[in-house]
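# Notes for the structure review
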Amino acid sequence: MKKDIYVLGIESSCDETSCAIVKNGREILSNVINSQIKIHENYGGVVPEIASRCHTEVINQVVKQALKEANLDINEIDVICPTYGPGLVGALLVGVSYAKGLSYATGKTLLGVNHIEGHIAANYITYPELKPPFLCLIISGGHTHLVKVSDYTEFQILGKTRDDAIGEAFDKVARVVGLGYPGGPKVDKLAKEGKEIINLPITHMGNLDFSFSGIKTAVINLNHKNPNINKADLCLSFEKFATDMLENNVIKAISETKIKKVVLAGGVSCNSYIRKRFDELAKKEKIEIFYPEPNLCTDNAAMIASAGYYNYIEGKQSNLNMNAIPNLKLGETNNII
Ligand code: KG4
Ligand code: ZN
């Protein structure tokens, strides 16, 4: 009988300290998430130095709690997988250093995981039957990528943002209309009361790349020139035109690759308007659409453990020279042997 594999994932790339235990890449035994949102709220965004310090303060407790909730001893873990990039360097270093220490002390295998790969893998947990190949649209605070996932560890970036990530644009729109941080969920909520009546520019890059700085600036200028503009209408119109840009490229990618399975990932894939639009697209284009459950869309260690599993079963591992790589690209295999 095949032996079960238990992965301990650690995520600390931004403002969530998380540790999860995942069995065979798909089954969550625990997923402890300590969010720093309340702390960064006071500053209107994530303060990197504060983020690193908060990770340091809680990481030990978060890992202990994850093992306790999974009812496992560290000796029963097969591999320790921290996120090693991309992300804030100081924040990443906390998880990477902790994982290296734990691996050294216990003799357990160490394997660094790419955070973007983790976002994709969140879908393997939500959909136990989901298998590559598929197209993946990763929309988060730091990334906007359209990727062909040929196999569990094989990726081809078809397009990405040339400027702002879509989540950054959501957060900026929230800030200018006075909703505060974190912006995405607040824009989502207010937009439900709005009408799609404000015209905003959309950018066509000519290929499968994205650009969100134009629409973001248009919202800032409109709000500045018309302080009494209806904020709910502005939020919904922003969502509408930003989604048009996502949808246009997804339709093009389906036509170029002939792949009719589309998977969404990342914090922005929680957005209810975007989900509604992609559900409509699925019906119209006769494609299949997948989204992770909301608590697996935003940063968490279960998705890191799942991605770690698929690399581990291919025989990959890292050694104690592993370092944090803040600008790590999807598909790069630094730190992996
Ligand atoms: O994936 P994530 O937790 O972190 C990164 O890897 O960047 O994504 C965070 C981003 C933030 O920009 C946040 O505003 C956005 O996801 N977000 C949303 C929603 N929930 C989170 N954006 C739009 N609608 C939402 N419901
Ligand atoms: Zn993320």
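What you see is a predicted model, and the numbers here were worked out from it, not measured in a lab.

### Here's the deal with the side chain of H145
- Structurally, the position occupied by H145 is in strand β8 (residues 144–151).
- Residues contacting H145, with those up to four places away along its chain left out, are I116, C136, L137, I138, I157, G159 and K160.

### Re the coordination of the zinc ion (ligand 2)
- Distances from the zinc ion (ligand 2) to its protein donors, H115 (NE2), H119 (NE2) and D299 (OD), fall at 2.0 to 2.1 Å.
- Metal-centred angles of 96 to 124 degrees between the 4 donor atoms at the zinc ion (ligand 2) mark the site as tetrahedral.
- Sequence positions of the donors to the zinc ion (ligand 2) reduce to the motif H-x3-H-x179-D. With a gap of 184 residues between them, H115 in helix α4 (residues 115–126) and D299 in the loop between α10 (294–297) and α11 (301–312) connect regions that are remote in the sequence.
- Judged by relative accessible area, D299 falls into the buried class, the value being 14%.

### A closer look at the layout of surface pockets
- When its volume is computed, the largest pocket comes out at roughly 1,000 Å³.
- Every residue lining the largest pocket is counted, 37 residues in all, and those nearest its centre are C14, S140, G141, G142 and D171.
- Every element with two or more residues in the lining of the largest pocket is listed here: α4, α5 (166–176) and α6 (183–191).
- If one sorts the elements of the lining of the largest pocket by residue count, α5 sits on top with 6 residues.
- Along the lines of polarity and charge, the residues of the lining of the largest pocket split into 13 nonpolar, 16 polar and 8 charged.
- Structurally, the lining of the largest pocket is a two-domain feature, drawing no fewer than three residues from each of domain 1 (6–119 + 297–312) and domain 2 (132–295).
- For the second largest pocket, the calculated volume is near 160 Å³.
- If you trace the second largest pocket, you find 14 residues lining it, with E117, N311, K316, E332 and T333 closest to the centre.
- Residues that form the lining of the second largest pocket fall into these classes: 5 nonpolar, 6 polar and 3 charged.

### Let's talk about empty space enclosed by the protein
- Within this structure, the stated rule accounts for 1 cavity of 30 Å³ or more.
- A volume near 60 Å³ is recorded for the largest cavity.
- Lining of the largest cavity is provided by E117, I120, A121, Y124, Y152, F155, A307, Y310 and N311.
- At the level of elements, α4 and α11 are the ones that each hand at least two residues to the lining of the largest cavity.
- Considering every element that reaches the lining of the largest cavity, the biggest residue donor is α4, with 4 residues.

### A short note on the sheet that holds strand β7 (residues 134–139)
- Spatial strand order, β9-β8-β7-β10-β11: 5 strands in an open sheet with mixed pairing. The open sheet has two free edges, formed respectively by β9 (154–160) and β11 (288–290), since each of these has just one partner strand. Looking at each pair of strands side by side, their axes are set apart by 25 degrees on average, direction ignored.
- Relative to β9, β8 runs antiparallel, the two sharing 6 bridges. Bridge assignment links L146 to a residue of β9, and that residue is G159.
- Along the sheet, helix α8 (residues 231–257) makes contact with β7, β8, β9 and β10 (261–265), crossing β7 at roughly 160 degrees.

Definitions and cut-offs
- Residue numbers restart at each chain and count upward from 1, following the sequence in its written direction.
- Labels are handed out in written order, letters beginning with A for the chains and numbers beginning with 1 for the ligands.
- It should be noted that, the model being predicted, local features are given only for residues of pLDDT at least 70 and side-chain atom pairs only at 80 or more, the latter also being counted only at that level, while totals for whole chains, interfaces and linings use all residues.
- Side-chain measures here rest on the full set of heavy atoms in the structure, leaving out hydrogens and waters.
- Only DSSP runs of H or I with at least four residues qualify as helices, and only runs of E with at least two residues qualify as strands; both kinds are numbered from the N terminus onward.
- Should any heavy atoms of two residues lie within 4.5 Å, those residues are considered in contact.
- Only nitrogen, oxygen and sulfur atoms qualify as donors, provided they sit within 2.8 Å of the metal or within 3.2 Å for Na, K and Ca; with water excluded from the atoms, sites may seem incomplete.
- When four donors show all angles between 85 and 135 degrees the site is tetrahedral, when four or six donors have opposite pairs over 155 degrees and all other angles between 65 and 115 it is square planar or octahedral respectively, and in every other case it is irregular.
- Between buried and exposed lies partly exposed: a residue is buried under 20% and exposed over 50% of the maximum accessible area for its type, with that area taken using a 1.4 Å probe on protein chains only.
- Only protein atoms enter the calculation, which uses a 1 Å grid: trapped sets of points that fit a 1.4 Å probe without letting it out are cavities, open sets showing protein on both sides within 12 Å along at least five of seven lines are pockets, and any residue with an atom within 4 Å of a point is a lining residue.
- Grid points are joined across faces, edges and corners, and a volume is the space filled by probe spheres set on the points.
- Polar here means any residue other than Ala, Val, Leu, Ile, Met, Phe, Trp, Tyr, Cys and Pro, which are nonpolar, and Asp, Glu, Lys and Arg, which are charged; Gly is therefore polar.
- In this entry, domain limits derive from an automatic or database-based domain assignment.
- Two strands pair under a simple rule: DSSP has to find at least two bridges between them.
- A fitted line through C-alpha atoms serves as each axis, taken over the contacting stretch for helices, and the angle formed by two N-to-C directions is quoted from 0 to 180°.

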